[in-house]
Structures are given as structure tokens and as C-alpha cells.
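As a plain string of letters, each chain reads:
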Amino acid sequence: MRVVTTAQPLDVQPTPLALLLLGREADPKSERGVECPGDLPSPSDPNLVARARAAKEKLGDKVFILGHHYQRDEVIEFADVTGDSFKLAKDAAAKPEAEYIVFCGVHFMAESADILTTDDQKVVLPDLAAGCSMADMATAEQVAECWDVLTEAGIADVTVPVSYMNSSADIKAFTGKHGGTICTSSNAKRALDWAFEQGEKILFLPDQHLGRNTAVRDMGMSLDDCVLYNPHKPNGGLTVEQLRNAKMILWRGHCSVHGRFSVQSVEDVRARIPGVNVLVHPECKHEVVAAADYVGSTEYIIKALEAAPAGSKWAIGTELNLVRRLANRFAAEDKEVVFLDKTVCFCSTMNRIDLPHLVWTLESLAEGNLVNQIRVDKETESFAKLALERMLALP
């Protein structure tokens, strides 16, 4: 056996990518890579819960903590309200007396809260490296280039952009500037109905699966009515004829969590648990949605389980933190709730918001130090707010 030794310790320098993943370097073109300064308490600190409670009590009404459904239980424990991204942004806007809005979610959600809250309120994200892979799949430069392609094809003037809430402020602003609206997974059909009243085609950003599922499952279109625009290929990988014939131009984006579920997952759970109800999020692939019994948003999933009869069995296709929380909640009502897939499937970026980050944030604010503020510039905010207001005005 060959043994290699060295007399001197290795001088290993972290690469820029390693620093980026640690949240200690900046990349202004990515939601995931923003500087997150400050020392965090150790995750093994037994006093974290007590420290969080003390800091929150010291801040009193000055702080309002929002907890997304996909957050860890240790974070949800300190949330004043829980919900999906848009509900939480609206909750923040309805709390103008709170000086600090601590958003336990991801970057685009905090941006939406900043857009909808007053100028005096400060939106804080406990870890600035908590981004969203789906939101990162559509950049302002890519979407502007796509619009040029549609213009050259002669269809931009009859195309209405509809952007999912899970998008950056820049994409929301593009949508507002070009006469479009925002949608959530709950109101996507209403948004598409409205858009087709304004034009002949829809550019749907950035989640292809929600766009396809809404068009085909909820609106009766065919898969042939949809084309997939790939921003990494010339002209999106599409011909002028394909663009002109399409009703739905879907952006090539997806959720890394919901994209994991497969038809095999559905078949396996049906074989494993006879009589199980399969309930999935519309960000899942079209074939998975077609194989499920029920399809709906996060809020829909929660309400469906609340209304379910005792003794019923459910396999849920969404983020594991929520599924595990629902399983514990409804076990007392004799409702069996399991995760659709056999493998663990957390949202890795959402899970960057942990108790150490929350404690550091609250203690910093309690000491008068504003950290990790999320600010959207005024021009972007103006057009993004216009798109959001169009959504709020939907029937």
C-alpha cells in the first residue's frame, strides 16, 4: 500500500463556487448568491429557542414573522402567520404598523413582500442565499431576448405574458410592462382566461408544468397547443411556424422538488397502500397530474385534508416539510398521510432558513442592526406592482 505524507499542512483555499454556495460571496445575477454577513450561532446551541423567544419579545410589535408552508418546524414555531408566498405577501401588506417583516421563505417571496408593503417597512430574509431554482431559470435578459424572437416572428403584439408568482421582481416587472398579469397555482386558470381575452397567445413564465397543466387539464387545450421555449437555444429551439401555431408558449423552467415525482411514484404508492388518494401540486409533470386523483395548490392540499373523512389515506406530492407536518397533524383524526415518493425531497433553498439564521436575524434587529434587507428598485417595483394589481383585479 502506498502512503503519501506531507510535512506541511495543505493550504486549501475555497473556490468562488464554494463560497457562493456558503452564502459568503455575491453574484448579482443570481438569487442564490448574495452576501450573507454576520456570525451565526451554532446549530447545536441548546439555547436557540430561548434566544429566539427573547429577541422576538424584545422587538414586540415592531416585527412580523412570515413562515412559508415549506419551512422547517423549528422556524414555523416562531411565525406569526403561515401560508403560501402570495398569501404571506398580502399578510405583510395588511400589517403596516410592523417596522420589520421577517420573511422565512425564499428571495422572490421577500421581493413580492417589499413590493406590496409601505416604504417605511423593511423586509428581511434571514439567509440571503435562500433563492429559488425555478425563479433563477428565467432572467430578465433571457426574457427580453425571447420577446425579440416573438417580435421577429410577428406575434409579440398578440401575445400576453403571464408569470407565475414564483418569479423574480424583474420578471414580474417585464410582465407588467408588456400588459400581462401574475398568477398563483390557485388562480392560474382565471389568469389565463383573462389573458386570452386580451390576446391570442400566452407566454407563460417560468414554470412549464403549471402552464401546461392549466391549459390542458383545466382549459381543454391539447398538448399540441403548447410549445416549449428553451432560452439556451437559438430562437428558443422553435421555428417561426411553431411559434405562430402555438396558443401557449411555455418557458423551459420547473420546480426541482415537484419535478422529482413520476408516474412510477404514483403506481408504487397505489400498490403499497390500497385505496390511497393521490393528491399532487400542479407544478408536477403533466403525466403525474394525469395519474393523480386530485390536483391543487398548497392551500388546496391543506383544505382537502381538513375536509377528508376519518380513515382515509393520502399520498401527497409536494415538499416534504409540509407533508410531514400534515401527517402529524391529521394522525389524531385517523387520516393516513404519506409522502408520494420513496426518497426524501426537501426544498434545499427553502431549508437554508433555519433556526440559527432566524435567531441571528432577530437578535440583530433587536440590537438595532438592520440585516439582509430586500429592496426592489422603484422602476421595477412600479411595473411589478402593476402586474400584481392586474391579478388582484381578476374576477
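Because the structure is a prediction, the values reported are computed rather than measured.

K.L.:
Looking at this structure, I do not really get unusual backbone geometry. What am I missing?
P.N.:
Note on backbone geometry: most residues besides glycine have negative phi, and most peptide bonds are trans. At the junction of Leu205 and Pro206, the peptide bond is cis and its omega measures out at -20 degrees in the coordinates. At Asn372, a residue that is not glycine, the phi angle is positive and equals roughly 50 degrees. Relative to the elements of secondary structure, Asn372 occurs in the loop between α16 (355-366) and β14 (373-374). Given a relative accessible area of 7%, Asn372 falls into the buried group.

K.L.:
Just to check I follow, could you spell out the sheet that holds strand β4 (residues 122-124) for this structure?
P.N.:
Each strand in a sheet pairs with another by means of backbone hydrogen bonds, the pair being arranged parallel or else antiparallel. Reading across the sheet, the 5 strands line up as β2-β1-β3-β4-β14 and stay open at both edges, with mixed pairing between neighbours. Each edge of the open sheet carries a strand with a single partner, namely β2 (81-83) and β14. Pairing between strand β3 (residues 100-104) and β4: 3 bridges, direction parallel. Bridging across to β4, Tyr100 finds its partner in Lys122.

K.L.:
When you look at the side chain of Lys335 in this model, what are you seeing that I'm missing?
P.N.:
For Lys335, the location among the structural elements is in the loop between α15 (320-331) and β13 (336-339). We classify Lys335 as buried; its relative accessible area is 6%. At 2.9 Å, the side chain of Lys335 and the backbone oxygen of Ala308 are in polar contact. Those residues in contact with Lys335 that sit more than four places away from it in its chain are Leu305, Glu306, Ala308, Pro309, Ala310, Gly311, Ser312 and Phe330.

K.L.:
Just to check I follow, could you spell out the packing of helix α14 (residues 298-307) against α15 for this structure?
P.N.:
Working note: a packed helix pair is described by the angle between its axes plus the distance between those axes. Taken N-terminus to C-terminus, the directions of α14 and α15 make an angle of 15 degrees; their axes are 11 Å apart at the nearest point. In this view, α14 runs roughly parallel relative to α15, as classed from their interaxial angle. Here α14 runs over α15; the crossing is right-handed. Mapping the contact onto sequence places Thr298, Ile301, Ile302, Leu305 and Glu306 in α14 and Leu322, Leu326, Arg329 and Phe330 in α15. Considered class by class, the residues forming the contact of α14 with α15 number 6 nonpolar, 1 polar and 2 charged.

K.L.:
Honestly, the sheet that holds strand β5 (residues 159-164) in this entry has me stumped. Any pointers?
P.N.:
Taking strand neighbours across the sheet as the criterion, the 5 strands line up as β6-β5-β7-β9-β8 in an open arrangement whose pairing is parallel. A single partner strand is all that each edge strand has here, and the edge strands are β6 (181-183) and β8 (226-229). Within the sheet, the average angular offset between the axes of one strand and its neighbour, ignoring direction, is 25 degrees. As paired strands, β5 and β6 are joined by 3 bridges and run parallel to one another. Residue pairing in the sheet places Val162 in a bridge with Thr181 of β6. Set on the sheet, helix α10 (residues 208-218) makes contact with β5, β6, β7 (201-205), β8 and β9 (248-251); between it and β9 the angle comes to about 155 degrees.

K.L.:
Hey, could you run me through the pattern of salt bridges in this one?
P.N.:
Think of it this way: side chains of opposite charge can pair up when their charged atoms draw near. Per the counting criterion, the structure on display carries 17 salt bridges. Here Arg325 ties to Asp73 by a salt bridge, and the two come within 2.7 Å at their closest N and O atoms. Linking Arg325 in helix α15 with Asp73 in helix α3 (residues 73-76), this pair joins segments that are 252 residues apart in sequence. Arg325 gets classed as buried once you look at its relative accessible area, which sits at 19%. Judged by relative accessible area, Asp73 falls into the partly exposed class, the value being 37%. Linking Asp218 and Arg217 is a salt bridge whose minimum nitrogen-to-oxygen distance equals 3.2 Å. Here the salt bridges do not stand alone but share partners, grouping Lys62, Glu99 and Lys122 into one network.

K.L.:
For this particular structure, what's the right way to read the pairing of β3?
P.N.:
Note on strand geometry: in a regular strand, side chains alternate between the two faces of the sheet. For β3, a buried count of 5 out of 5 residues is recorded, marking the element as mostly surrounded by other parts of the structure. A two-sided burial pattern is seen for β3, the buried positions comprising Tyr100, Val102 and Cys104 on one face and Ile101 and Phe103 on the other. Bridge count between strand β1 (residues 63-68) and β3: 5 bridges; the pairing is parallel. Bridge pairing in β3 links Gly67 to Cys104.

Reading the values: rules and limits
- Residues numbered from 1 in each chain as written.
- Predicted model: local features only at pLDDT ≥ 70, side-chain atom pairs only at ≥ 80, totals over all residues.
- Heavy atoms only, no water.
- Helix = DSSP H or I, 4+ residues; strand = E, 2+ residues; numbered from the N terminus.
- Buried < 20%, exposed > 50% of the residue type's maximum accessible area, 1.4 Å probe, protein only.
- Pairing = 2+ DSSP bridges.
- Polar contact = N/O pair within 3.5 Å; in protein donor to acceptor, adjacent residues only side chain to side chain.
- Contact = heavy atoms within 4.5 Å.
- Axes fitted to C-alpha atoms, helices over the stretch in contact; angles between N-to-C directions.
- Parallel < 35°, antiparallel > 145°, perpendicular 65-115°, else oblique.
- Left-handed = near helix turned anticlockwise from the far one by under 90°.
- Nonpolar A, V, L, I, M, F, W, Y, C, P; charged D, E, K, R; others polar.
- Salt bridge = Lys/Arg side-chain N within 4 Å of Asp/Glu carboxyl O.

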